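The primary structure of each chain is shown beneath.
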Amino acid sequence: MIDYKNIIPWGRSYTEYVNMFHLSPGFLSKKVLGCGDGPAAFNAVANAFGGHVVSVDPIFELSKEAIEKQINDSFPDVINQTRANMEQFNWEQFGSLEGLGKIRMKSMKQFLNDYEEGKAEGRYIAASLPKLPFNDHSFDIALSSHFLLLYSDILDLDFHLKAIDEMLRISSEVRIFPIIDLNSKLSAHLPEILERYPNHELIKVNYEFQKGGNQMLKIEKSLP
Ligand SMILES: C[S@@+](CC[C@H](N)C(=O)[O-])C[C@H]1O[C@@H](n2cnc3c(N)ncnc32)[C@H](O)[C@@H]1O
């Protein structure tokens, strides 16, 4: 059983984001907001490719050194909990626990190397769902990777509905991956969320690390 005491800073690669969210190359011309991107490499690499990605996360209040310390402090716990639950994961992509650790650390280094410049350019903004500091319709797509739905044990339904409402206020479309929780069970909040947002689609994607975690929830803003 995986049991994190907090929502941990942990960062995935650009390629993982592209696969999880089923992003076609055209996404680089769109305005994209990553909610809870933490130390993922998505923002750094997408913008290096000419994209327009802004990320929000409460950890962006911290200095580069403080975030690096948090990453290094949580690394052993994540690796140990993954080692104790190896059967919950699909190892095709990473090969081994060591392979996973290397790819994650490489992605988080890409983030750290970009962080100060990106912060000065307004690409890393310290903010927290469910209240974001943007005007209505500021983005084309708002993403949540490994934050909403995954932490359904810690974040209740009310938080999820407020967070999704806020993401739809500022963007035309919301994409959330995965739709399962930390122990690979469908999020307990999913039925109410699907009912509340009829403009939804569950899309099978070309990414599966947590076994059974290969679906992305896409919600389009309803026209008035
Ligand atoms: C497990 S990490 C996922 C990081 C990244 N999205 C990825 O998939 O690699 C979860 C992130 O959610 C952030 N977070 C926690 N509370 C938040 C909130 N209320 N609003 C936005 N992000 C939050 C954490 O700081 C952390 O960086």
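Just so it is clear, the structure is predicted and the values come from calculations on it, not from any experiment.

Colleague: Even after reading the chapter, I still don't get the sheet that holds strand β6 (residues 200-204), so can you show me in this structure?
Modeller: In a beta sheet, neighbouring strands pair by backbone hydrogen bonds and run either parallel or antiparallel. Spatial ordering of the open sheet is given by β3-β2-β1-β4-β5-β7-β6, a layout of seven strands whose pairing is mixed. For this open sheet the edge positions go to β3 (124-125) and β6, each flanked by a neighbour on one side alone. Both strand β5 (residues 171-177) and strand β7 (residues 215-220) contribute to a ladder of four bridges, which runs antiparallel. Bridge pairing in β7 places E173 opposite E220. Strands in contact with helix α5 (residues 157-170) are β1 (31-35), β4 (139-145), β5 and β7; relative to β5, the strand with the most contacts, it is inclined by about 140°.

Colleague: How do you make sense of the pairing of β4 when you look at a structure like this?
Modeller: Walk down a regular strand and you will see the side chains alternate between the two sheet faces. Counting buried positions along β4 yields six of seven residues, so the element is predominantly enclosed. Bridge count between β1 and β4: four bridges; the pairing is parallel. Across the sheet, V32 pairs through a bridge with I141, a residue of β4. Sheet topology note: the β4/β5 ladder contains six bridges and is parallel. If you follow A142 over to β5, its bridge partner there is V174.

Colleague: Any chance you could explain the environment of S152 here in plain terms?
Modeller: Looking at where S152 falls in the secondary structure, it is placed in the loop between β4 and α5. Residue classification places S152 among the buried residues on the basis of a relative accessible area of 9%. Measuring from C-alpha to C-alpha, the distance between S152 and M105 comes to 26 Å, with 47 residues separating the pair along the chain. The residues contacting S152, other than those within four sequence positions of it, are H160, S187, A188 and H189. Only 2.6 Å separates the side chain of S152 from the backbone oxygen of L149, close enough to count as a polar contact.

Colleague: I'm lost on the nonpolar core in this one. Help?
Modeller: Most often, soluble globular proteins have nonpolar side chains that are buried together. Counting residues in each nonpolar core, the largest one holds 33 residues, and the members touching the most others are L33, L129, L132, L148 and L217. At the level of secondary structure, the elements contributing two or more residues to this core comprise β1, β2 (52-56), β4, α5, β5, α6 (190-196) and β7. Sort the elements by how many residues they give to this core and α5 lands first, with seven residues. Two domains each provide a minimum of three residues to this core, namely domain 1 (8-31 + 39-128) and domain 2 (134-139 + 155-224). Judged by nonpolar contacts, the second largest core, of 28 residues, contains F21, F27, V32 and F209.

Colleague: How do you make sense of the layout of surface pockets when you look at a structure like this?
Modeller: Gaps left between atoms are located by rolling a probe of water-molecule size over the structure's atoms. Counted as a void, the largest pocket has a volume near 670 Å³. Those elements that provide at least two residues to the lining of the largest pocket are α3 (64-83) and α4 (97-120). For the lining of the largest pocket, the element with the highest residue contribution is α3, accounting for three residues. Two domains each provide a minimum of three residues to the lining of the largest pocket, namely domain 1 (8-31 + 39-128) and domain 2 (134-139 + 155-224).

Colleague: Would you mind going over the pattern of salt bridges with me for this structure?
Modeller: Enumeration over the complete set of coordinates arrives at 11 salt bridges. For R123, the salt bridge identified is with E121, shortest N-O distance 2.8 Å. Between K131 and E166 there is a salt bridge whose closest N-O contact spans 3.9 Å. Of the two residues, K131 is situated in the loop between β3 and β4 and E166 in helix α5; the sequence distance between them amounts to 35 residues. Taking the relative accessible area as the measure of exposure, E166 reaches 7% and is therefore buried. Here the salt bridges share partners, and the residues they tie into one network are K131, D136, E166 and R169.

Calculation rules
Residues numbered from 1 in each chain as written. Predicted model: local features only at pLDDT ≥ 70, side-chain atom pairs only at ≥ 80, totals over all residues. Heavy atoms only, no water. Pairing = 2+ DSSP bridges. Helix = DSSP H or I, 4+ residues; strand = E, 2+ residues; numbered from the N terminus. Contact = heavy atoms within 4.5 Å. Axes fitted to C-alpha atoms, helices over the stretch in contact; angles between N-to-C directions. Buried < 20%, exposed > 50% of the residue type's maximum accessible area, 1.4 Å probe, protein only. Polar contact = N/O pair within 3.5 Å; in protein donor to acceptor, adjacent residues only side chain to side chain. Core = buried A, V, L, I, M, F, W, Y, C linked by side-chain atoms within 4.5 Å. Domains from an automatic or database assignment. 1 Å grid on protein atoms, 1.4 Å probe; cavity = no way out; pocket = protein on both sides within 12 Å on 5 of 7 lines; lining within 4 Å. Points joined across faces, edges and corners; volume = space filled by probe spheres on them. Salt bridge = Lys/Arg side-chain N within 4 Å of Asp/Glu carboxyl O.

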